[in-house]
Amino acid sequence: VGDIDTPSGEFDFAANLLPFDPLDPAFQADPYPFFRLVRETAPALCTQPGMWVVTGFRECSAVLRNPKFGHGDGRLVASQITHDAEGNVVRPFVFMDPPDHTRIRSLVTKAFSARMVERLRPTAERLVGELLAAAMSGPADEPVDLMAELAFALPSNLISELLGMPPQDKPLFEQWSSALGRGLDPDFMLSPEEMQRRDQARTEFDGYFAELARRRRAEPADDLVSALVAVEEDGRNLSMSELVSTCRLLLSAGYLSTAHLIGNGVNALLRHPEQFEWFRAHPDQVAGVVEELLRYDSPVQTAGMRTALQDTEIGDQPVSAGEGAMLLVGAANRDPAAFPDPDRLDVSRKPERNLGFGIGAHFCVGAPLARLTTQVALTALAGLRVELATDDAPRINNLVLRGFAELPVFLRAA
Ligand code: HEM
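Residues numbered from 1 in each chain as written. Predicted model: local features only at pLDDT ≥ 70, side-chain atom pairs only at ≥ 80, totals over all residues.

## Here we look at the packing of helix α9 (residues 153-163) against helix α10 (residues 170-182)
Interhelical geometry of α9 versus α10 gives an angle of 115° and a closest axis separation of 10 Å. By the angle class used here, α9 and α10 are roughly perpendicular. The crossing of α9 and α10 is right-handed. Listed contacts from α10 to Ser156, Asn157 and Ser160 of α9 are Lys170, Phe173, Glu174 and Ser177. Of the residues that constitute the contact of α9 with α10, the class distribution is 1 nonpolar, 4 polar and 2 charged. (Axes fitted to C-alpha atoms, helices over the stretch in contact; angles between N-to-C directions. Helix = DSSP H or I, 4+ residues; strand = E, 2+ residues; numbered from the N terminus. Parallel < 35°, antiparallel > 145°, perpendicular 65-115°, else oblique. Left-handed = near helix turned anticlockwise from the far one by under 90°. Contact = placed C-beta atoms within 7 Å. Nonpolar A, V, L, I, M, F, W, Y, C, P; charged D, E, K, R; others polar.)

Below, the structure written as structure tokens:
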């Protein structure tokens, strides 16, 4: 398995690691029956010697919380590890283990405080109002693309605002993030052009943020880059390359995931009108509604790979040091052992915490922002008449992310 995820690797992931073909249109349309079959075979399935695919809720949670699993030498996430111009290794902290992971994550959590996120609420509400007004400005009988008009536009504006990018630079952000979002997938899923676009977006993004950090050092502002620069300055806590890769991580982890939670969430509500009605009648329950939508059709389908750093186990199956596990949280969120009648959307359920934001040491740092963004978007949509304009909106082709490229809807005032 030494070749996994390396551009030159001969390893055929789809045939050898995954017990399904991620490129099969039937899988892309609805992966959940495939996941059910796999989970019923084994919630942690050894698909080839030393490789596990984990679809059970209990098993996924156990691996994510087990410090004996980590990223180790980074072999299984090689395509996400790069070098800067000085030859330093650039490894976003989501792919690090303690103590480096703990050091950087705690700095980011401090900079990414609840106060900073809550401060974005009025901006989010204003933006949603503006975006929806613009989307409804055309003829009422013409569909609008909810992804472009709202789902992509809203988080991209909020995250670039949080990072402190000047408004005129925001188009750059969207350009880089679609290339980086595609590049979240393992190399076997990418074409040579997509890999090249990903690598170029990384270089440009890193150059831009290194420059922005220099400007913020000279003239601090009230934004996340300035907060990280303040920490970087004492030199012991955060290096410049760590600062830049952290900004890149926030963008690539935060933008498309939130966009697809909004898109998948609206799609699920429109396909279950009685659920949308329940939400309209209980607007104060928006937080629970968003959690159920996250569980039901998770925009981030996998928390990626982990390597056993020591001999350990998954459930009652022994796992030796060096073995790898792929954690399919989207599958775990449909496990009947954790969620009764898991394939039913029920926005009034009070579910056990689902794994849509991961769990354990790498639990999503941006969860409060993602929740706020999605809650504000859905609350505004609940005040409108929304209808799907087509039954087969085009999907993105991605293994890590699940969502729509476009979601045409009719949008009218209620
Ligand atoms: C980690 C999902 C939004 C930043 C994660 C993980 C998941 C996840 C599953 C765990 C990865 C792992 O275990 O290796 C989501 C979903 C989102 C979302 C579904 C939206 C609906 C955001 C936002 C940001 C963000 C808005 C920031 C702007 C991060 C970071 C990590 C992370 C920095 C790494 C944390 C660590 O390694 O300690 N996210 N995320 N995410 N997320 Fe999110």
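The rest of the description comes next.
## A short note on the site of the ligand
With respect to spatial proximity, 26 residues lie near the ligand, and among them Gly254, Gly358, Cys364, Gly366 and Ala370 are the closest. Broken down by secondary-structure element, the contributors of at least two residues to the shell around the ligand are α13 (240-271) and α17 (367-382). At 7 residues, the largest contribution of residues to the shell around the ligand is made by α13. Of the residues belonging to the shell around the ligand, the class tally is 17 nonpolar, 8 polar and 1 charged. (Near = placed C-beta within 6 Å.)

## Overview of the pairing of strand β1 (residues 44-48)
The side chains of a regular strand alternate between both faces of the sheet. Across 4 bridges, β1 lies against strand β2 (residues 51-54) in antiparallel orientation. Of the residues in β2, the one forming a bridge with Cys46 is Trp52. In this structure, the hairpin formed by β1 and β2 is closed by a connection of 2 residues, where Gly50 is found at a positive phi of approximately 85°. (Pairing = 2+ DSSP bridges.)

## So, unusual backbone geometry
Between Pro98 and Pro99 the backbone carries a cis peptide bond, its omega angle lying at 5°. Phi at Asp341 is positive, roughly 50°, even though this residue is not glycine. For Asp341, the location among the structural elements is in the loop between α16 (329-332) and α17. Accessibility expressed as a C-beta count within 10 Å gives 9 for Asp341, which makes it exposed. (Buried ≥ 20, exposed ≤ 12 C-beta atoms within 10 Å, placed from the backbone.)

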